[in-house]
Structures are given as C-alpha cells and as structure tokens.
Amino acid sequence: VMCLRTAIIINPDLTNTRNALCILLRSLAPAKFSEKEQQDFKDLFIILYKRNDVDHNDIFSNAKNVLFGEKNYKEILKEEPKPPLLQNINIKNLIKEDLFLLMMQKSLISDPFIEKILIQIRKEILVSNNNRIKDINDNFDFIVSFAEQCSLNEHVYIRTENETEQIKILQANLEKNKKINELDVAILGCYVPLNTSEKLKEKLINYKSKNILFDDLIALQIKEIDKEEQLKTTIKSNDNITDEVSKKVRNQYEENPYPRWRHLYTNDRKNFLIGLQNQIKPNKIDVEPNNKFRKPNVLIAGCGTGRHLLIADNYLDANILGVDLSLSSLAYAKRKIEEKGLKNIEFLQSDILNLKNLKRKFDIIESTGVLHHMKDPLKGLKVLLDLLEPYGLMKLGLYSKIARQHITYARKFASEKNFKGNIEDIRKCRCEIFNAKNDNLLKKVSLGKDFYTVSSVRDLIFNEQEHCFSIPEISKILYKFKLEFLGFSNSFIKNQYSKTYSDDKKNIFLDNWNNYEKINPDTFNSMYSFWVRKII
C-alpha cells in the first residue's frame, strides 16, 4: 500500500496504479494502526477521495475504519440522558474532518451506526437553525456535504413528524423570501430534493455561490435532474410495451432509477478479448487473430443508469447500444455518458421482448441483473440469442436462490407488514429491520450496500418481479440453448474455488460449482455473473 501511495503522490494520473491501489485498499481487512499509520492511511484516502476517476464506494469501508477506528464513537449513543451530539468534542472534530466531508459527498454511507449518528445530527441542526443558534453557521460545509449524501441515498433517512412539519415551514419561507439563504437551502436539501419545489428551482438553477461546494449541491439536486428531463426527448423509443410485468417493472424504474452513482474508475481501453480472457481465466478461448471482436458491436440489454455502459466502454473500438425499459434510467445514463465525452454509445428505450424486431446483430451481448425481472426469463434470453452472431459471446447475471435466502425472507417480512414500495413505507420498513436485532436474516439484509438508498431498497425488497436460479437450473438452460459455459467473472471467487477443486483447471465444471455453493452459500451474494459462447 505504501509503495503504491508513493507512486500516486509522484504521479496521481497513473490509471493502473491508482486502480490497483483502490482494489488493494478495498480488500484489506480492518486492522489496528499505529498513530503514524493512521495518519498515512487517512492522507491516502483523502488523495483518492479528491479524485473523480475512482469508485469511492469501493474504498468507503476501510476509509470508515481508519476514520472511526481511532475513537469509540459508539459510547456517545449509550450515554443517558443523551446529550446533544453537536456538543460532543469527538463529533465536533468529526464533522470538520476533510475525509469525512469527502466521504459524505462522494460515497454512500452504508453503515447502520453512522446513519444513526447522522439522523440525530440532522435533527439537531434543524432545531439549532430554527432557534437561530449562531454556531450552526460554522458547520456550513458539513451541512452541504450532508445534503449531498442525502442526494446519494435519495433521502432514505427516517424523520419525525415534527421534523416534517418544520421542513414544510422552512421550504415555504425559502420560496417566499427574495434573498437566498444558503444555510437554509442546504438544511432543506438534507430532507427533500431541492428540485421538488418549482419556485425554489427557478431561484437556484442559475444561482452562483461563492462556495464551490454549495454550487455542487445545486448541480446535484437541481441542474443534473433538469438536464435528464431535457435528454429524455433525445432518446429513441420502441415503447410499445404490452407485457404486463414489463409495464410494472418499467414504472418502478421510472420512479426510482437504479443504481444512482457519481463516479467510477477510469480504465485504459483495450481489445475486448484481452478483457474477456482476464474475466474468464484460468479458462481461455481461441479465436482468429483478425476477428470481429477487434471492433465489436455490443448490446447492453438492460443498461439501467449507465454503470454497465461505462464498463463496456473499456472495449477498444466498440460500437455500443444501451437498451432499457425506463426512460428515466436512460436519461441518467446519457447524462453520465455525455459528462465522460463518450461518442460510441447510443440509446434505445425498449422492452427486451420487442428487440426481436431490431434489424441488427451483435458480436457481444451483456445482460446482467435483467432477465430475472421478466415474467419469462427464458423468453427474454431467446430474443437476445437470436440477436447474437454465430459464436458470439454473452455475459449473463442471474440471482442465486441459495445466496438470496435472506432477501426472500425480507420480502416476505415486508409483505406481511403490508409495506409498499413508496418512500414512506421504505423508511418505516428499514427502521423495523434495523430494530430486529435478534433476527439474523434481517440483520444480514441491513449490512448490504443495497439497504442504503430508496431505489436499491425498492429493487431489493419491493421489486415487481423476481426469479432466482440454482446452478443446476442454469446448467439445463445452457444445454437447452446450446451455450458453452466459459466461466464466472469474479476472480476472487474462482481463487477460493480452486483451493477446493484444483483438478478443475478451467473452473468450468458446474457440478463442482453447485457443491461449492452449497458449502459456501454466500459465494454468489450479488448474483451469478458468467460468460457463455453461442455454438452453432
């Protein structure tokens, strides 16, 4: 870590070095550091958080461990009667920490304890502002950073009825007053998206502050959303959706595009086959040296908000079509793609079922986390395979029955409590799950990153349609459609698997993988993500 840190300080623009450092920091187990090590790591995380070409969510966990490991903050919440957090010296210092502010601005705070602290601090800030306590102005940068965090989590934090009433009054005053009070605006942005008030939006959309961070908040909560509305009119649509399940799923992602994200890694582009071989190794495929994969036509079926498009854009000289049911998701994706200055990606709003009318063929199709939300996943797969060139390559992502038992349990829990997929019920549902301390399955749900935004909780627990699969079922699907299994894409999982099944030199024996998953049920916690080849 320290060698890479030195390299980054010498030249922070070394892409591979920077990305390797983030991957290493992500994989480090929490440790007790000496005072010097603590400061070294803190400085290192600040360097990375100040950049916009890394995925800050990747490094959040260990940045949190470095920042919060030095003091026992948990003791603060145990004190009775509970004193105001803003009067605690450790909290006062915390909200002035550069690293903490950057974490609030750029990575999702996916930690139940920190969330609990933040909810209490937000309430105290609102009360202090109402009482016009002058000290609150000293925390302006923290409050703006807090509002940005609430943009990232889509204002998922629970609030009291009194807070809700106070915020209505605050919003009304901001709409009425001619002069813009930046502190009041920032506090409002901690509770509701600023773009939901048309009057406030008109005042702020062209407003220029002396504070760069405040301008960033206005961009995040108003200008970017306004840009997406404009982009919707520029996206081609094949929107003749007749399937009832597809309609419900589309409506869900129109209301809550998923996932919302700010920054991702920048990678050096390389020939597609180099990337593929890295993903499927220790397996390897042989192809002609002057093949179609040098300038591939790529379909991302279910591209959502564009994270997957940027991964696919790592393919050198690729022509990419991103397709999704949701126009809101596509507009989000197109805004992010335009910010990156990418020219080789086009968009289409369509149901996968309607792609059978697309008069195009593709060398590569990627569809991860999509087919399992269709009424008939195999029907969708058949449509995609008909669009794939002979010996074309496909990446699929499907939910695992074994790995998602706790999710299935949480979905049943929410249904029995009669919670719906709206924001108020999502807040209440999260609160009940947090408080279910003796229920290990619900606790497991609360530890995942997808428990910390509105759209991800809706996707996780309240999705309109969800199918889960087993490895034997996937094996039957591959046989039915004459697909060659090339391997799972997660190298860490394969390294662990190889320790048990060293005879499977290519890591492609699905019977072995089935046995491995039974023994290690969290292996495919995200989903089965794997490559196949179409055999004619």
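Here is what the cut-offs are and how they apply
- Residues numbered from 1 in each chain as written.
- Predicted model: local features only at pLDDT ≥ 70, side-chain atom pairs only at ≥ 80, totals over all residues.
- Heavy atoms only, no water.
- Helix = DSSP H or I, 4+ residues; strand = E, 2+ residues; numbered from the N terminus.
- Rg over C-alpha atoms; globule rule 2.2 N^0.38 Å.
- Buried < 20%, exposed > 50% of the residue type's maximum accessible area, 1.4 Å probe, protein only.
- Contact = heavy atoms within 4.5 Å.
- Patch = residues over 30% accessible without salt bridge, like charges linked within 9 Å, V, L, I, M, F, W, Y side chains within 5 Å.
- Areas by Shrake-Rupley, 256 points an atom, 1.4 Å probe, with all protein chains shown as cover.
- Salt bridge = Lys/Arg side-chain N within 4 Å of Asp/Glu carboxyl O.
- Core = buried A, V, L, I, M, F, W, Y, C linked by side-chain atoms within 4.5 Å.
- Expected span 1.5 Å × (residues − 1).
- Polar contact = N/O pair within 3.5 Å; in protein donor to acceptor, adjacent residues only side chain to side chain.
- Pairing = 2+ DSSP bridges.
- Right-handed = clockwise from strand over helix to strand, strands pointing away.
- Axes fitted to C-alpha atoms, helices over the stretch in contact; angles between N-to-C directions.
- Parallel < 35°, antiparallel > 145°, perpendicular 65-115°, else oblique.
- Nonpolar A, V, L, I, M, F, W, Y, C, P; charged D, E, K, R; others polar.
- Phe/Tyr/Trp six-rings, centres within 6.5 Å; stacked < 30°, edge-to-face > 60°.
- Lys NZ or Arg CZ within 6 Å of the ring centre and 35° of its normal.
- Lys, Arg positive; Asp, Glu negative; His and termini not counted.

**Q** Looking at this structure, how should I read the overall build of the protein?
**A** Regarding its fold elements, the protein presents 25 helices and eight strands. Relative to the globule expectation of 24 Å for 536 residues, the C-alpha radius of gyration of the protein, 24 Å, shows essentially globular dimensions. For the protein, the spread of C-alpha atoms along the principal axes amounts to about 75 × 55 × 50 Å. Taking all 536 residues of the protein together, 55% fall into the buried category.

**Q** Quick question: what am I supposed to make of the side chain of Arg533 here?
**A** Relative to the helices and strands, Arg533 resides in strand E8 (residues 528–534). On the basis of relative accessibility, which here comes to 16%, the residue Arg533 falls in the buried class. Those residues in contact with Arg533, other than ones at most four positions away along the chain, are Ile285, Asp286, Tyr391, Gly392, Leu393, Lys482, Leu483, Glu484 and Leu486.

**Q** Can you walk me through a nonpolar patch on the surface in this structure?
**A** A surface patch of nonpolar side chains, amounting to about 300 Å² of accessible area, comprises Tyr391, Ile535 and Ile536. The class for Ile535 is partly exposed, based on a relative accessible area of 33%.

**Q** How do you make sense of the nonpolar core when you look at a structure like this?
**A** Generally speaking, nonpolar side chains in soluble globular proteins are found buried as a group. Membership of the largest hydrophobic core comes to 88 residues, with the highest contact counts inside it found for Phe100, Phe142 and Ile461. What Ile461 contacts, discounting residues up to four positions off in sequence, is Ala410, Arg411, Ala414, Ile433, Val445 and Phe451. Within the second largest apolar cluster, 41 residues are counted, among which are Ala301, Leu321, Leu381 and Phe469.

**Q** Which parts of the structure should I look at to understand helix H20 (residues 423–435)?
**A** Because the α-helix completes a turn every 3.6 residues, residues three or four places apart line up on one side. For H20, spanning 13 residues, the distance from its first C-alpha to its last is 18 Å, which sits close to the expected 18 Å at 1.5 Å a residue. Taken together, the buried positions of H20 are occupied by Asp425, Ile426, Arg427, Cys429, Arg430 and Ile433. Taken together, the buried residues of H20 touch helix H8 (112–130), helix H19 (405–416), helix H21 (440–446) and helix H22 (454–461). The backbone nitrogen of Glu424 lies 3.3 Å from a side-chain oxygen of the residue at the head of H20, namely Asn422.

**Q** Would you take a moment to explain the pairing of strand E4 (residues 345–350) for this structure?
**A** If a strand is regular, its side chains alternate between the two faces of the sheet. Counting buried positions along E4 gives five out of six residues, so the element sits mostly inside the fold. Pairing of strand E3 (residues 319–324) with E4 involves five bridges; the strand directions are parallel. Bridging from a neighbouring strand, Gly322 pairs with Phe347 of E4. As for the winding sense of the linkage, the β-α-β connection from E3 through helix H17 (residues 327–340) to E4 is right-handed.

**Q** Help me understand the packing of helix H13 (residues 212–231) against H17, please; the structure alone is not making it clear to me.
**A** Where H13 contacts H17, the axes come no closer than 8 Å and their chain directions differ by 110 degrees. In terms of their interaxial angle, H13 and H17 are classed as roughly perpendicular. On H17, the residues touching Glu224, Lys227, Glu228 and Leu231 of H13 are Ala331, Tyr332, Lys334, Arg335, Glu338 and Glu339. Considered class by class, the residues forming the contact of H13 with H17 number three nonpolar, no polar and seven charged.

**Q** Explain the environment of Arg51 to me, please; I cannot follow it from the model alone.
**A** Mapped onto the secondary structure, Arg51 falls in the loop between helix H3 (35–49) and helix H4 (56–68). Among the residues examined, Arg51 registers a relative accessible area of 16% and is labelled buried. Sequence spacing of Arg51 and Ser328 is 277 residues, and the spatial spacing of their C-alpha atoms is 27 Å. Each residue touching Arg51, except ones within four places of it in the same chain, is listed here: Pro12, Asp13, Arg18, His56 and Lys106. At a separation of 2.8 Å, a polar atom in the side chain of Arg51 contacts the side chain of Asp53.

**Q** Sorry if this is basic, but what is going on with the packing of aromatic side chains here?
**A** Any pair of aromatic rings gets described here by the distance separating the centres and the angle formed by the planes. Applying the stated criterion to the full structure yields 25 aromatic pairs. Summarising the aromatic geometry, the rings of Phe485 and Phe530 are spaced 5.9 Å apart at their centres and angled 50 degrees between planes, so their arrangement reads as tilted. Taken as a pair, Phe485 in strand E7 (residues 483–488) and Phe530 in strand E8 lie far apart in primary sequence, 45 residues in all. The pair formed by Phe485 and Phe530 is uniform in burial state, with each residue classed as buried. Of the aromatic side chains, those joined through ring pairs into one cluster are Phe485, Phe488, Tyr497, Tyr501, Trp513, Tyr516, Phe524, Tyr528 and Phe530. For Arg335, the ring lying beneath its charged end belongs to Tyr332, and the centroid distance is 4.9 Å.

**Q** Just checking my understanding: could you explain the sheet that holds strand E1 (residues 236–238) for this structure?
**A** Paired through backbone hydrogen bonds, the strands of a sheet run either parallel or antiparallel to each other. Spatial strand order, E1-E4-E3-E2-E5-E6-E8-E7: eight strands in an open sheet with mixed pairing. Two strands lie at the open edges of the sheet, namely E1 and E7, each paired on one side alone. Between one strand and the next, the sheet's axes are offset by a mean angle of 20 degrees, whatever the strand orientation.

**Q** Honestly, the pairing of strand E5 (residues 362–368) in this entry has me stumped. Any pointers?
**A** Counting buried residues along E5, six of its seven residues qualify, which places the element largely inside the surrounding structure. Two elements, strand E2 (residues 297–301) and E5, share three bridges in a ladder whose sense is parallel. In the sheet register, Ile300 faces E5, and the bridge partner there is Glu366. With six bridges connecting them, E5 and strand E6 (residues 388–398) associate as parallel partners. Paired with Phe362 across the strands is Leu388, a residue of E6.

**Q** Explain the environment of Ser209 to me, please; I cannot follow it from the model alone.
**A** Residue position: Ser209 is located in the loop between helix H12 (198–204) and H13. As a C-alpha pair, Ser209 and Glu182 span 27 residues in sequence and 8.5 Å in three-dimensional space. When residues no more than four places from it in sequence are discounted, the contact partners of Ser209 are Glu182, Phe214 and Asp215. Within the structure, the side chain of Ser209 is placed 2.8 Å from the side chain of Glu182, a separation counted as a polar contact.

**Q** Help me out: how do you make sense of the side chain of Asp351 in this one?
**A** Relative to the helices and strands, Asp351 resides in the loop between E4 and E5. Buried within the structure, Asp351 lacks any salt-bridge partner; its nearest side chain of opposite charge belongs to Arg250, at an N-O separation of 8.7 Å.

**Q** Which parts of the structure should I look at to understand the environment of Asp376?
**A** Among the structural elements, Asp376 can be located in the loop between E5 and helix H18 (377–386). A sequence separation of 131 residues divides Asp376 from Val245, and the C-alpha atoms of the two residues are 9.4 Å apart.

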